[in-house]
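Inside the fold
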Amino acid sequence: MLNDAVKKGGVMASSNVGGLSGAFIPVSEDSGMIHAAEVGALSLDKLEAMTCVCSVGLDMIAIPGDTSAETISAIIADEAAIGMVNNKTTAVRVIPAPGTKPGDNVEFGGLLGHAPVIPVHEFGSAEFIQRGGRIPAPLHSLRN
């Protein structure tokens, strides 16, 4: 239901005010997105919701360096699932920055810019990720 509401809201908004329309915008390279992340207006949840509507993934997002491999795997799995359900390619470039915590700033240098470290949920994903498995390719033959 949430996915449907976000999609419909995005379609209505983009028809009036424009939209990302499939963009893969690196958070570290866009001053507006950097500012929004710095003041807490842009979160990992909101960036994932944008993937449902108009972007194709999470790009150049700094996360705390102590983020577990299972949590990063779960973030990637979420994005892959969004892509599978919406029949589009999605991607993830999150950067665990060693020794950082949410609110710190990471400098990547040159055109790669800088990014505030965005918090991730503290809820564990280990049990889910350790189940293993795979996300199947979409089946187009079942559609009429």
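Here, every reference points to the structure presented above.
Everything numeric in this text was worked out from a predicted model, so none of it was measured.

Parameters and conventions
- Residues numbered from 1 in each chain as written.
- Predicted model: local features only at pLDDT ≥ 70, side-chain atom pairs only at ≥ 80, totals over all residues.
- Heavy atoms only, no water.
- Helix = DSSP H or I, 4+ residues; strand = E, 2+ residues; numbered from the N terminus.
- Buried < 20%, exposed > 50% of the residue type's maximum accessible area, 1.4 Å probe, protein only.
- Contact = heavy atoms within 4.5 Å.
- Axes fitted to C-alpha atoms, helices over the stretch in contact; angles between N-to-C directions.
- Parallel < 35°, antiparallel > 145°, perpendicular 65-115°, else oblique.
- Left-handed = near helix turned anticlockwise from the far one by under 90°.
- Core = buried A, V, L, I, M, F, W, Y, C linked by side-chain atoms within 4.5 Å.

Relative to the elements of secondary structure, S125 occurs in the loop between β4 (114-116) and α5 (126-130). Overall, S125 belongs to the buried group, its relative accessible area being 16%. Those residues in contact with S125 that lie beyond four places of it in its chain are E70, T71 and A74.

Running from N to C, helix α3 (residues 44-53) and helix α4 (residues 69-86) point in directions that differ by 20°, and their axes come no closer than 9 Å. Here α3 is positioned roughly parallel relative to α4, judged by the angle of their axes. Along this stretch, α3 crosses α4, giving a crossing that reads as right-handed. Contacts between α3 and α4 pair L44, E48, T51 and C52 from the former with I75, D78, E79, I82 and N86 from the latter.

With that settled, consider the nonpolar core. L42, L44, L47, L58, I61, I63 and I118 are the most contacted members of the largest nonpolar core, which has 16 residues in total. Secondary structure elements with two or more residues in this core: α2 (31-38), α3, β1 (57-64) and α4. Residues in contact with I118, not counting those within four places in the same chain, are A37, L42, S43, L44, L47, I61, A62, I63 and P64. Core analysis: the next-biggest nonpolar cluster, separate from the first, contains five residues, A62, A97, V106 and V117 among them.

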